[in-house]
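Close look at the chain arrangement
Residues per chain, in single letters:
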Amino acid sequence: MELRLVLTVEDVDAALALYRDALGLPEHDAWEAEDEGGRIAILDAGRATLELVNEAQAAAIDRIEVGERVAGPVRIAFEVDDSEAVARRLEEAGAEIIGGPITTPWNDRNVRLRTPDGPQLTLFSPAD
């Protein structure tokens, strides 16, 4: 009924600045475990899908978006209205642009980023 991706981050405030404030994912819920210092923020990322690719396809996507094989076994992709503008906002919030913008063979405009905590993000927008 729901796909929930859980990221363990060093700095929740910095991650919120990136994903909530710069990317625009609305905060759905949040709480703190005062006695243990734990924090959780749940952001609404819209519709979720699970994309399964083999190594050959992952390598092909990396070559298109970045020019070489760089992603690990998990890469997070977000459809946004303007991938280039959102990438600039994420860069200002601490992410590093590592590829693109590029128009893909499937006619999306993609930008690849690496977040401060390591996960790679693909931002994609229809090219038309």
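Scroll up a little and you will see the structure.
The structure presented is a predicted model; accordingly, all values stated were derived computationally and were not measured. (Residues numbered from 1 in each chain as written. Predicted model: local features only at pLDDT ≥ 70, side-chain atom pairs only at ≥ 80, totals over all residues. Heavy atoms only, no water.)

Let us now look at the sheet that holds strand 6 (residues 120-126). As a general point, the strands of a sheet are linked pairwise by backbone hydrogen bonds and lie either parallel or antiparallel. Ordered by their spatial adjacency, four strands build an open sheet running 3-6-5-4, and the pairing between neighbours is mixed. With one partner strand each, in any of the chains shown, strand 3 (75-79) and strand 4 (96-103) form the two edges of the open sheet. Across the sheet, the mean angle from the axis of one strand to that of its neighbour is 20°, orientation sign disregarded. Two strands pair when backbone bridges link them, and strand 3 and strand 6 are joined in this way by five bridges, in the parallel orientation. Its bridge partner being in strand 6, A77 is matched across the sheet by T122. (Pairing = 2+ DSSP bridges. Helix = DSSP H or I, 4+ residues; strand = E, 2+ residues; numbered from the N terminus. Axes fitted to C-alpha atoms, helices over the stretch in contact; angles between N-to-C directions.)

Right, let's talk about helix 1 (residues 12-22) for a bit. Among all positions in helix 1, only A15, L16, L18, Y19 and A22 are buried. At its buried positions, helix 1 is contacted by strand 1 (27-33), strand 2 (38-43), strand 3, helix 3 (83-92) and strand 6. Sitting at the head of helix 1, D11 places a side-chain oxygen 3.0 Å from the backbone nitrogen of D13. Once helix 1 finishes, G24 follows within two positions and takes phi at roughly 90°, a positive value. (Buried < 20%, exposed > 50% of the residue type's maximum accessible area, 1.4 Å probe, protein only. Contact = heavy atoms within 4.5 Å. Polar contact = N/O pair within 3.5 Å; in protein donor to acceptor, adjacent residues only side chain to side chain.)

The next subject is the environment of D13. Note that D13 resides in helix 1. Assessed through its relative accessible area of 47%, D13 is described here as partly exposed. Along the chain, D13 and R39 lie 26 residues apart, while their C-alpha atoms are 9.9 Å from each other.

Looking now at unusual backbone geometry. In this model, G100 is joined to P101 through a cis peptide bond whose omega is 10°. Here P101 shows up in strand 4. A positive phi is found at N107, a non-glycine position, where the angle reads about 65°. Residue placement: N107 occurs in the loop between strand 4 and strand 5 (108-114). Look at N107 and you get partly exposed, because its relative accessible area is 33%.

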